[in-house]
Amino acid sequence: MQILSTPQELAAQCRAWRAAGESISLVPTMGYYHAGHESLMERGRALAQRMVVSLFVNPTQFGPGEDLAAYPRDLERDAAIARKHGADVLFVPEPQSMYAPDHATWVEVPELAKNLCGLSRPVHFRGVCTVVLKLFLLTGADVAVFGEKDWQQQAIIRRMVRDLNVPVRIETCPTGRETDGLALSSRNVYMTPEERAQAPEIRRGLLHARTLAEKGETSAALLREAVLGHWAEHLPLGRLDYLSVVHPESLEPLEGIAGPALMACAVRLGKARLLDNILLHP
Ligand code: PAF
């Protein structure tokens, strides 16, 4: 596995692979790997002859006061994991090589970024789209792999790719979970033991909504109330950022769940802001 640190080196390597007729998969990450990242790499490895894993804590997707400086990092361990999963390149750029001091070009999908995480993180998806499009352009990847935990992110990237005719296929992998159901996240390390003990209730609340939906409840408001009730009882340390029922592709809020519906949430537990989501079936 090569570790490359400049966009020029990455572009040159990928150009050579493409000239030799080899297909490329891309797994964009911010590092501090857990089993969820490993499943993305496994999928990426199976999908193409060459795999690029990018590891970049992208500063433009963090707003003022967010955890850019505190974001956990462990390059040595991450490199060993990427190597174990068969990455051909681990791309670890410095921020200055990705963003000129007078960087002025942004990619946005405002229609899909206005709800859910976009409400409390107004610049987040602009930063994500911009860096992900840069990675698509540098690698010319045939396929790129994202996780379902960041449902809104993958929906926005799919729309960006469709709208800009980017010739890359987007694949998503199911959310990796701890045995108690907590969604794996690099940010889980921010929690105290007390917060961590309550964190699985996020998922249990969503599962409660799914059970009610399966039993025939179709009102988004009532399903939402049921989850909030569960959390009020079992997740007293949690502070709600949002809990919404939306269409899985358009991300528009739904009043009822006659067809495809996604319940998505962000909950703060101490310093951690935790995301999860579940598809509801009527
Ligand atoms: O999901 C992430 O880790 C990041 O948002 C991504 C896609 C690597 C872009 O920085």
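Quick notes on the rules
- Residues numbered from 1 in each chain as written.
- Predicted model: local features only at pLDDT ≥ 70, side-chain atom pairs only at ≥ 80, totals over all residues.
- Heavy atoms only, no water.
- Helix = DSSP H or I, 4+ residues; strand = E, 2+ residues; numbered from the N terminus.
- Rg over C-alpha atoms; globule rule 2.2 N^0.38 Å.
- Buried < 20%, exposed > 50% of the residue type's maximum accessible area, 1.4 Å probe, protein only.
- Contact = heavy atoms within 4.5 Å.
- Polar contact = N/O pair within 3.5 Å; in protein donor to acceptor, adjacent residues only side chain to side chain.
- Salt bridge = Lys/Arg side-chain N within 4 Å of Asp/Glu carboxyl O.
- Near = heavy atom within 4 Å.
- Areas by Shrake-Rupley, 256 points an atom, 1.4 Å probe, with all protein chains shown as cover.
- Nonpolar A, V, L, I, M, F, W, Y, C, P; charged D, E, K, R; others polar.
- Expected span 1.5 Å × (residues − 1).
- Arc of directions from axis to C-beta.
- Pairing = 2+ DSSP bridges.
- Axes fitted to C-alpha atoms, helices over the stretch in contact; angles between N-to-C directions.
- Core = buried A, V, L, I, M, F, W, Y, C linked by side-chain atoms within 4.5 Å.
- Phe/Tyr/Trp six-rings, centres within 6.5 Å; stacked < 30°, edge-to-face > 60°.

What the protein contains, in helices and strands, is 11 helices and 9 strands. Relative to a compact globule of 282 residues, whose C-alpha radius of gyration would be 19 Å, the protein shows 19 Å and is just as compact. Counting only residues that meet the buried cut, the protein has 52% of its 282 residues in that class. Considering only intrachain contacts with a sequence separation of at least 6, the fraction spanning at least 24 residues in the protein is 73%.

Among the secondary structure elements, D88 is positioned in the loop between α3 (75-84) and β4 (89-91). Taking relative accessible area as the criterion, D88 reaches 17% and is therefore assigned buried. In this structure the side chain of D88 is engaged in a polar contact, spanning 3.1 Å, whose partner is the side chain of R45. Setting aside its immediate chain neighbours within four residues, D88 contacts M1, Q2, W17, R45, Q49, R50 and M51.

On to the pattern of salt bridges, then. Taken as a whole, this structure holds 18 salt bridges when the rule is applied. One salt bridge in this structure joins R177 and D276, with 2.9 Å as the shortest N-O distance. A residue pair is termed long-range when its members are at least 10 positions apart, and R177 in the loop between β6 (169-173) and α9 (193-198) and D276 in strand β9 (residues 272-280) qualify at 99 residues. Exposure remark for R177: the relative accessible area of 25% places this residue in the partly exposed category. Among the residues examined, D276 registers a relative accessible area of 3% and is labelled buried.

What follows covers the site of the ligand. By nearness alone, every residue bordering the ligand is listed as P28, T29, M30, N58, Q61, V128, V131, F146 and Q153. At a separation of 2.6 Å, an oxygen atom of the ligand approaches a polar side-chain atom of Q61. In the complex, the protein chains occlude 88% of the 290 Å² of accessible area that the ligand would expose alone. Among the secondary structure elements, those contributing two or more residues to the shell around the ligand are β2 (24-29) and α7 (124-139). For the shell around the ligand, the class distribution of residues is 5 nonpolar, 4 polar and no charged.

Here we come to helix α11 (residues 220-234). Because an α-helix packs 3.6 residues into every turn, residues spaced three or four apart end up facing the same way. Taking 1.5 Å per residue, 15 residues should reach 21 Å; α11 reaches 21 Å between its end C-alpha atoms and fits that length. Turning to α11, its buried residues are A220, L223, A226, V227, H230 and W231. The arc enclosing the buried residues of α11, seen along the axis, measures out at 130 degrees, which places them on a common side. Opposite the buried face of α11, by more than 90 degrees, sit the exposed residues E225, A232 and E233. Buried residues in α11 make contact with α10 (200-214), β7 (238-246), β8 (261-269) and β9.

Another aspect to go through is the sheet that holds β2. Either a parallel or an antiparallel arrangement is found when strands of a sheet pair, and the pairing is made through backbone hydrogen bonds. One open sheet holds the 6 strands; their spatial order is β1-β4-β3-β2-β5-β6, and the pairing between them is parallel. Since the sheet does not close on itself, it has two edges, and those belong to β1 (2-4) and β6, each with one partner. In this sheet, adjacent strand axes meet at a mean angle of 25 degrees when their direction is disregarded. Bridge count between β1 and β4: 3 bridges; the pairing is parallel.

Let's shift gears to the nonpolar core. Grouped together as the largest cluster of nonpolar side chains are 47 residues, with contacts concentrated most on V52, F136, I157 and M160. Here this core gets 9 residues from one element, more than from any other, and that element is α7. Ranked by size, the runner-up nonpolar core spans 29 residues in total, among them A199, L243, V245 and L274.

Before going further, it helps to examine the packing of aromatic side chains. One pass over the full model with this rule turns up 3 aromatic pairs. Aromatic pair F62 and Y71: ring centres 6.0 Å apart, planes at 80 degrees, arrangement edge-to-face. Each of the two residues, F62 as well as Y71, counts as buried. An aromatic cluster of at least three residues, connected via ring pairs, comprises F56, Y99 and W106.

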